[in-house]
Amino acid sequence: MPSRLYVLSASTRPTSYGRPLARWIAERAAARPEFEVTTVDLGEVALPFLDEPEYPSTGRYAHPHTRAWSETISPADAFVFVLPMYNGGFTAPLKNAIDSLYAEWRDKPVGLVSYSAGPSGGAPAIEMIRPVLNRVGLRPAEPTLSVPGIEGLVEGGSFRAAPEFTAGTDAVLDAVAELALAGAAVRAGA
Ligand SMILES: Cc1cc2nc3c(=O)[nH]c(=O)nc-3n(C[C@H](O)[C@H](O)[C@H](O)COP(=O)(O)O)c2cc1C
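Residues numbered from 1 in each chain as written. Predicted model: local features only at pLDDT ≥ 70, side-chain atom pairs only at ≥ 80, totals over all residues. Heavy atoms only, no water.

Caption draft 1: Expanded view of the overall build of the protein. Looking only at helices and strands, the protein has six helices and eight strands in total. Its helices and strands taken in sequence order, the protein reads β-α-β-α-α-β-α-β-α-β-β-β-β-α from the N to the C terminus. On the principal axes, the C-alpha backbone points of the protein span a range of 45 × 40 × 25 Å. Expressed as a percentage of its 190 residues, the buried residues of the protein come to 47%. Restricting to contacts in the protein with at least 6 residues of sequence separation, those with at least 24 account for 78%. Accessible area of the protein: about 9,000 Å², with a carbon and sulfur share of 56%. Between the mean site of the 16 positive side-chain charges and the mean site of the 21 negative ones, the protein shows a separation of 3 Å. (Helix = DSSP H or I, 4+ residues; strand = E, 2+ residues; numbered from the N terminus. Buried < 20%, exposed > 50% of the residue type's maximum accessible area, 1.4 Å probe, protein only. Contact = heavy atoms within 4.5 Å. Areas by Shrake-Rupley, 256 points an atom, 1.4 Å probe, with all protein chains shown as cover. Lys, Arg positive; Asp, Glu negative; His and termini not counted. Charge placed at Lys NZ, Arg CZ, Asp CG, Glu CD.)

Set out below in structure tokens:
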């Protein structure tokens, strides 16, 4: 059975350069037999800053927006986070999206694709998010991919993939598929 892979675009900017990259990754993943792909756009989710009276780790959510976010994420078996770098780190909306839930993330693999305007491709944002992922029990897949110069790679709303990004994305998806398969085997008691 294919894994339910959720490709999450972490920018909330209406003119996000990462959105076309996330769409391209989702299309590439959907072409593979291991995945059934859903896209999640944090700009569309528009999740308010955490305003729950109880800790998310209780799973008791008072607000419809948190319940809706929980229902969006719960069915996922695995993720790819497509995350921009802002001022040397990952973005506040992504931290808030993670913090607002708990059990929904646990023990699920996550592939990491960062991007930035500059030459680092947002690799520091990946290093910054690792402890956060570990804390909620998301399992980062290796390798990750960092895409530099994102502004020059988006044309007419589409991502122009160079061969290194195609290979890099496939390597991320291979690793996520492997972790998802291993997780499914454990859950099935194999
Ligand atoms: C608040 C902010 C901070 C940024 N800081 C950096 C940075 O430190 N290094 C860099 O290379 N690009 C930086 N950029 C440029 C972004 O990486 C680039 O605009 C990217 O497209 C942002 O993702 P988005 O368009 O999907 O929102 C920054 C952009 C914003 C909006």
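Caption draft 2: Broad picture of the packing of aromatic side chains. Counted according to the given criterion, the structure contains seven aromatic pairs. Ring geometry for Trp69 versus Trp105: centroids 6.3 Å apart, planes at 65 degrees, classification edge-to-face. Note that Trp69 is positioned in helix α3 (residues 64-73) and Trp105 in the loop between α4 (92-99) and β4 (109-115), a separation of 36 residues in sequence. Trp105 matches Trp69 in its accessibility class, with the two residues each being buried. Centroid distance Phe79 to Phe81: 5.8 Å. Interplanar angle 55 degrees. Geometry classified as tilted. (Phe/Tyr/Trp six-rings, centres within 6.5 Å; stacked < 30°, edge-to-face > 60°.)

Caption draft 3: Fine view of the pattern of salt bridges. With the rule as written, the count across this model stands at ten salt bridges. Linking Asp170 and Arg28 is a salt bridge whose minimum nitrogen-to-oxygen distance equals 2.8 Å. Taken together, the residues Asp170 in helix α6 (residues 163-187) and Arg28 in helix α1 (residues 18-30) connect sequence positions 142 residues apart. Overall, the relative accessible area of 22% leaves Asp170 in the partly exposed class. Classification of Arg28 as partly exposed rests on a relative accessible area of 28%. When salt bridges that share partners are traced, they join Arg32, Glu34 and Asp174 into one network. (Salt bridge = Lys/Arg side-chain N within 4 Å of Asp/Glu carboxyl O.)

Caption draft 4: Representation of the layout of surface pockets within the structure. If you add up the space inside the largest pocket, you get close to 210 Å³. Lining of the largest pocket is provided by 13 residues; of these, Met1, Pro2, Ser3, Leu181 and Ala184 occupy positions nearest its centre. Taken together, the elements giving at least two residues each to the lining of the largest pocket come down to β1 (3-9) and α6. Per-element tally for the lining of the largest pocket: the top contributor is α6, with six residues. Here the residues of the lining of the largest pocket sort into seven nonpolar, one polar and five charged. Put simply, the second largest pocket is a space of about 150 Å³. Arg13, Tyr17, Tyr86, Tyr115 and Ile150 are, among the 13 residues lining the second largest pocket, the residues nearest its centre. (1 Å grid on protein atoms, 1.4 Å probe; cavity = no way out; pocket = protein on both sides within 12 Å on 5 of 7 lines; lining within 4 Å. Points joined across faces, edges and corners; volume = space filled by probe spheres on them. Nonpolar A, V, L, I, M, F, W, Y, C, P; charged D, E, K, R; others polar.)

Caption draft 5: Summary view of the side chain of Asn96. Looking at where Asn96 falls in the secondary structure, it is placed in helix α4. A distance of 2.9 Å separates the side chain of Asn96 from the backbone oxygen of Pro48, its partner in a polar contact. Among residues more than four places away in sequence, those in contact with Asn96 are Leu47, Pro48, Phe49 and Leu50. (Polar contact = N/O pair within 3.5 Å; in protein donor to acceptor, adjacent residues only side chain to side chain.)

Caption draft 6: Local environment of the side chain of Ser70. Within the fold, Ser70 resides in helix α3. For Ser70, a relative accessible area of 11% translates into the label buried. If we ignore the near neighbours within four places in the chain, the residues touching Ser70 are Tyr61, Leu101 and Glu104.

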